[in-house]
Amino acid sequence: MLLFPVETANRELISKFFLSCKFAEAGYKSYIGEKGEIWNSISHLEKPIYFDKGYHRGRSELIYEKVRNQEGKIISLDDENGILEKDMSTLDHRFPNEVFEIFDLIFLWGPAQLEYLEKTRSKFGLTKVFATGHPKFELLKTRYHNLYKNKAALLKKKYGNYILVNTQFGFGNNVRDKDSVINSYESRLPHTRELIEYEKKQIKHFVKLIIELNKKTNYNIIVRPHPEENFSYYTKKFKNYEKIFVKSDDTVLPWIISSDFMLHHSCTTALEAVMLGKNPLSFAFQYDSDLIPWLPLKLGEVFDDIPNIIDYISTKSNKKASSSNNLLEDYFSFSNNSTQDIINQTKTNFPPFWRTKRLRRMAYIIKSNLKIRSKSFVRNNITEYGRDMLFYNKTK
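This structure is a prediction, so every number in the text was calculated from the model and none was measured.

A count of helices and strands for the protein chain gives 17 helices and 12 strands. Across the protein chain, contacts joining residues at least 24 apart in sequence account for 72% of those joining residues at least 6 apart. Accessible surface for the protein chain amounts to roughly 19000 Å². Of this, 50% is attributable to carbon and sulfur atoms.

This is the structure we're talking about:
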């Protein structure tokens, strides 16, 4: 049984469902679920194969131990592969030296990450580390655009010509309080406090930009906050503007496809836009290169003031991006058949195996269904003041 934990549904679910379908064709059974449900399922399985989405010191070890107790295997298919900082310091937290003795297979996004880890990790082993790319990027290739065509057409019909603004201010506008953000991130990101203050300033710049775009262009504007952001901040700011809509439903991909322009500060959705053939526009007024991801700014147009970006939008049709960019190969292995490569390596090392004790399995299914129904009730019926809003944003 393959286990795929999901944290942020509208970012992860499609690619993990796609991967599990392809694994099914190869003879595997899969379980896709919220992290807590995956945790509960492990003790009901023999020899599970756990696809880890990211190592977190002090937390992940508990899951790994539980998998090992069931004679299981642990495969790293990391969701954040060190593209935030140019020096790849993010990888130092997600792939410390000791995890190379824990993971049975490691699938990295690109050869750049592989080269960095090979040079900096004494326990690195080429026999189990592969630069395959990730299925979530493979699904952005032209041959899969039909997956999003109908949804994109519905969005175009409803909103007409629009500018998509993807915000990524989960530190400065987090749904949780400041102390919670610091406690959650500071051990991994020493500059967390600086990021909070930096993003608070950038949010104000973006609010001003959006209002100016509303005044000086004929486009509708769709604002899509990051899942960790407080959505109500934007709904309150723009409640009196008929052409500005704050939306968070579904995956961002059909929104990008049907948009006329896509704006961001330094958001990873710019990478997805380029892979989809779009040319992302970055509003980088008073930006600090030490605090924001570097790669998104390399893959599109960059503007440092509002008049220039309005002039660009008002006078030009947005050009298409080239998916042959060398950065896409170096960091994402974009030309690879990522899904098939992952399946081939998994099958070579760990052929399909699935067995549970029937009574334990039935008890788990009943218990799991009760939990799912309870969580659904909480999400749909309890006011935001009583909710875990971060959980709500990520799973809705």
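Text resumes after the structure shown.
Below, the discussion takes up the packing of aromatic side chains. The final tally for this structure, using the stated rule, is 28 aromatic pairs. Summarising the aromatic geometry, the rings of Phe95 and Phe100 are spaced 6.4 Å apart at their centres and angled 40° between planes, so their arrangement reads as tilted. Judged by its relative accessible area of 0%, Phe95 falls in the buried class. Taken together, a centroid distance of 6.4 Å and an interplanar angle of 10° make the contact between Phe283 and Phe285 stacked. We classify Phe283 as buried; its relative accessible area is 1%. Ring pairing ties together the aromatic residues Tyr55, Tyr64, Phe95, Phe100, Phe103 and Phe124, which thus form one cluster. Note that Lys66 overlies the ring of Trp39, its terminal NZ or CZ placed 4.0 Å from the centroid. Over the face of the ring belonging to Phe334 we find Lys141, whose NZ or CZ atom lies 5.6 Å from the ring centre.

Under the criterion given, the structure shown has 1 cavity of 30 Å³ or more. In this model, the largest cavity occupies a volume close to 30 Å³. If you go around the largest cavity, the residues you meet are Phe4, Pro5, Lys16, Phe51, Asp52, Lys53 and Leu77. Looking at side-chain class alone, the lining of the largest cavity contains 4 nonpolar, no polar and 3 charged residues.

With 87% of its residues at a pLDDT of 70 or more, the protein chain shows a mean pLDDT of 87. Across residues 382-386 the pLDDT falls below 50, and counting only partners more than four positions away or on other chains, this stretch makes 3 contacts in the model.

It is worth spelling out the sheet that holds strand S5 (residues 105-108) at this point. Strands sit in the order S2-S1-S3-S4-S5-S6 across an open sheet of 6 strands; the sheet is parallel. Each end of this open sheet is capped by a strand with a single partner; those strands are strand S2 (30-34) and strand S6 (129-131). Between one strand axis and the next, the sheet turns through 20° on average, direction left out of account. Note that strand S1 (residues 2-6) and S2 share 5 bridges and pair parallel. Within the sheet, the bridge partner assigned to Phe4 lies in S2 and is Ile32. Along the sheet face, helix H1 (residues 9-25) touches S1, S2, strand S3 (49-52) and strand S4 (73-77) and points at about 170° away from the line of S1. Across the sheet, helix H2 (residues 35-42) touches S1, S2 and S3, and the angle it forms with S2 is around 135°.

Within the fold, Lys86 resides in the loop between S4 and helix H4 (89-94). Overall, Lys86 belongs to the exposed group, its relative accessible area being 58%.

Our next topic: helix H5 (residues 111-120). Looking only at H5, the buried set comprises Ala112, Gln113, Leu114, Tyr116 and Leu117. Here the buried face of H5 lies against H4, S5, S6 and helix H14 (326-332).

Moving on, we come to the packing of H2 against helix H3 (residues 60-69). It is at 9 Å that the axes of H2 and H3 come closest, and there the two elements cross at 30°. It follows from the interaxial angle that H2 and H3 lie roughly parallel. The element H2 and its partner H3 pack so that their crossing is left-handed. Here H2 contributes Trp39, Asn40 and Ile42 to the contact with H3, which in turn contributes Leu62, Ile63, Lys66 and Val67. Along the lines of polarity and charge, the residues of the contact of H2 with H3 split into 5 nonpolar, 1 polar and 1 charged.

Among the nonpolar cores identified, the biggest contains 56 residues, and Phe95, Leu295, Tyr331 and Phe332 are the most heavily contacted of them. Look past the residues within four positions of Phe332 in its chain and what remains in contact with it is Ile83, Trp109, Gly110, Gly133, Phe137, Leu271, Met275, Leu295 and Leu327. Ile203, Ile210, Ile211 and Tyr312 belong to the second largest nonpolar core, which has 26 residues in total.

Between two packed helices, the angle of one axis relative to the other and the distance separating the axes together describe the packing. Two elements in contact, helix H9 (residues 192-216) and helix H13 (residues 306-315), have axes separated by 11 Å at closest approach and are oriented at 40°. Taken as axis vectors, H9 and H13 run oblique relative to one another. Here the hand of the crossing between H9 and H13 comes out right-handed. Every residue of H13 that contacts H9 at Lys208, Leu209, Glu212, Leu213 and Lys216 is listed here: Ile306, Ile309, Ile310, Ile313 and Ser314. Split into classes, the residues belonging to the contact of H9 with H13 amount to 6 nonpolar, 1 polar and 3 charged.

A few words now on helix H7 (residues 146-159). When the terminal C-alpha atoms of H7 are compared, their 20 Å separation across 14 residues agrees well with the 20 Å that a helix rising 1.5 Å per residue should span. Along its buried surface, H7 packs onto H1, strand S7 (162-166), strand S8 (220-224), strand S9 (244-246) and helix H11 (253-258). In the stretch just after H7, Gly160 is the one whose phi turns positive, near 65°.

On to the pairing of S1. Of all 5 residues in S1, 5 are buried, a share of seventy percent or more. Neither face of S1 is left uncovered, since the one carrying Leu2, Phe4 and Val6 and the one carrying Leu3 and Pro5 both have all their residues buried. Each parallel crossover has a hand, and the one from S1 via H1 to S2 is right-handed. Where S1 and S3 come together, 2 bridges link them in parallel fashion. Each bridged residue has a counterpart across the sheet, and for Leu2 the counterpart in S3 is Ile49.

Rules and cut-offs
Residues numbered from 1 in each chain as written. Predicted model: local features only at pLDDT ≥ 70, side-chain atom pairs only at ≥ 80, totals over all residues. Heavy atoms only, no water. Helix = DSSP H or I, 4+ residues; strand = E, 2+ residues; numbered from the N terminus. Contact = heavy atoms within 4.5 Å. Areas by Shrake-Rupley, 256 points an atom, 1.4 Å probe, with all protein chains shown as cover. Phe/Tyr/Trp six-rings, centres within 6.5 Å; stacked < 30°, edge-to-face > 60°. Buried < 20%, exposed > 50% of the residue type's maximum accessible area, 1.4 Å probe, protein only. Lys NZ or Arg CZ within 6 Å of the ring centre and 35° of its normal. 1 Å grid on protein atoms, 1.4 Å probe; cavity = no way out; pocket = protein on both sides within 12 Å on 5 of 7 lines; lining within 4 Å. Points joined across faces, edges and corners; volume = space filled by probe spheres on them. Nonpolar A, V, L, I, M, F, W, Y, C, P; charged D, E, K, R; others polar. pLDDT = per-residue confidence, 0-100. Pairing = 2+ DSSP bridges. Axes fitted to C-alpha atoms, helices over the stretch in contact; angles between N-to-C directions. Parallel < 35°, antiparallel > 145°, perpendicular 65-115°, else oblique. Left-handed = near helix turned anticlockwise from the far one by under 90°. Core = buried A, V, L, I, M, F, W, Y, C linked by side-chain atoms within 4.5 Å. Expected span 1.5 Å × (residues − 1). Right-handed = clockwise from strand over helix to strand, strands pointing away.

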